[in-house]
Amino acid sequence: MTMPLTAAPDRRLAAQAYGQLLDLIMSGQLKPGTMIHERRLAEHLSMSRTPLRDALLLLEHDGLVSRHGRSGLQVRHLDLAAFLENLAIRRLLEPEAARIAAGRIPAPALTGIRARLEGLVARADRAVAPDRAEVRALDEDLHGAIAEAAGNAQMQAIIRTLRRQTLIFDLRSVPERVADTCREHLAVVAALAAGDGDAAAEAMRTHLDGVRRSIVARLAGA
């Protein structure tokens, strides 16, 4: 049976609601474990509940909100076991994506990303508190560009979903990791710009292993 197509204006509103809700989740304004109240959210976003419900279905599909029986939807709480499983899958996919993407990302895009990374490192070295939104946007731009340049739509979609789930992990904010993450990203960018697929893959593995170590160490009280 063919499902009826949603009207274009409704699709645009749903996409708008999805983007706004995603930003609220990624920024921590909607924290893990928060119950979703459709009416309040609709009022907050100044839109009707129909596109909001469509957006919530998309977020549920992405694994960012979960359904709890009659209680409704809740921003997903990703526990350590799920986080590590997620990261293990990313470690399989993202180095390969980086290998394929090497030499395929336009030089101006990589130059811009490199400049932003160097700016964050300089500020971190001066003990200037990082802007979490800026760090998140830069992380999204680099990893997203790699996944897109790999030219595999299925891989790109899986990586995007896994990365977003990783970012809602309760202990995702590890301030001491900002400079290290930027330096690891700079190594990835250098390899991508040089067209060295093996080096790009290894740099990506090093980065993801660093993320894992920092989270485990933080939980262990190191």
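Before any of the text, the structure's been laid out above.
Structure report, in brief. (Residues numbered from 1 in each chain as written. Predicted model: local features only at pLDDT ≥ 70, side-chain atom pairs only at ≥ 80, totals over all residues. Heavy atoms only, no water.)

**Here we look at the overall build of the protein**
Then comes step 1: Of regular secondary structure, the protein possesses 9 helices and 2 strands.
Then comes step 2: For 222 residues, the compact-globule estimate of 2.2 N^0.38 gives 17 Å, and the protein sits close to it at 19 Å.
Then comes step 3: Taken along its principal axes, the extent of the C-alpha atoms in the protein is 50 × 45 × 30 Å.
Then comes step 4: Counting the 222 residues in the protein, one finds 40% classified as buried.
Then comes step 5: Partitioning the intrachain contacts of the protein with sequence separation of at least 6 by distance along the chain shows that 76% fall at a separation of at least 24.
Then comes step 6: For the protein, the exposed surface amounts to about 11900 Å²; the carbon and sulfur share of it is 55%.
Then comes step 7: For the protein, the separation between the mean place of its 30 positive charges and that of its 27 negative charges on side chains is 4 Å. (Helix = DSSP H or I, 4+ residues; strand = E, 2+ residues; numbered from the N terminus. Rg over C-alpha atoms; globule rule 2.2 N^0.38 Å. Buried < 20%, exposed > 50% of the residue type's maximum accessible area, 1.4 Å probe, protein only. Contact = heavy atoms within 4.5 Å. Areas by Shrake-Rupley, 256 points an atom, 1.4 Å probe, with all protein chains shown as cover. Lys, Arg positive; Asp, Glu negative; His and termini not counted. Charge placed at Lys NZ, Arg CZ, Asp CG, Glu CD.)

**A word on the nonpolar core**
Then comes step 1: Formed by 35 residues in total, the largest nonpolar core has its most connected members in Phe-83, Ile-105, Ile-146 and Leu-192.
Then comes step 2: Those elements that provide at least two residues to this core are helix H4 (80–101), helix H5 (107–125), helix H6 (132–149), helix H7 (153–167), helix H8 (177–194) and helix H9 (197–219).
Then comes step 3: In contact with Ile-146, other than residues within four places in its own chain, are Ala-97, Ala-98, Ala-101, Ile-105, Val-188, Leu-192 and Met-204.
Then comes step 4: In terms of nonpolar packing, the next biggest core, distinct from the first, is built from 22 residues, Met-26, Leu-30, Ile-36 and Val-75 among them. (Core = buried A, V, L, I, M, F, W, Y, C linked by side-chain atoms within 4.5 Å.)

**Considerations on unusual backbone geometry**
Then comes step 1: For Ser-46, which is not glycine, the phi torsion reads 55° and is therefore positive.
Then comes step 2: Structurally, Ser-46 is set in the loop between helix H2 (38–45) and helix H3 (49–61).
Then comes step 3: Ser-46 gets classed as exposed once you look at its relative accessible area, which sits at 66%.
Then comes step 4: Phi is positive for Ala-127, close to 60°, though the residue is something other than glycine.
Then comes step 5: You can call Ala-127 exposed: its relative accessible area is 69%.

**Some details on H3**
Then comes step 1: Between the first and last C-alpha of H3 there are 18 Å, a value that for 13 residues agrees with the 18 Å anticipated at 1.5 Å per step.
Then comes step 2: Here H3 has its buried residues at Pro-51, Leu-52, Ala-55, Leu-56 and Leu-59. Each buried residue of H3 sits inside an arc of 140° when the element is viewed along its axis, so together they form one side.
Then comes step 3: The first or second residue beyond H3 is Gly-63, which carries a positive phi of 80°. (Expected span 1.5 Å × (residues − 1). Arc of directions from axis to C-beta.)

**Observations concerning the packing of H2 against H3**
Then comes step 1: Packing of H2 against H3 leaves a shortest axis separation of 10 Å and a crossing angle of 110°. One finds that H2 runs roughly perpendicular with respect to H3. Facing H2, whose interface residues are Glu-38, Arg-39, Leu-41, Ala-42 and Leu-45, H3 presents Arg-49, Leu-52, Arg-53 and Leu-56.
Then comes step 2: Tallied by class, the residues present in the contact of H2 with H3 amount to 5 nonpolar, no polar and 4 charged. (Axes fitted to C-alpha atoms, helices over the stretch in contact; angles between N-to-C directions. Parallel < 35°, antiparallel > 145°, perpendicular 65-115°, else oblique. Nonpolar A, V, L, I, M, F, W, Y, C, P; charged D, E, K, R; others polar.)

None of the figures reported here should be taken as evidence of function without further support.
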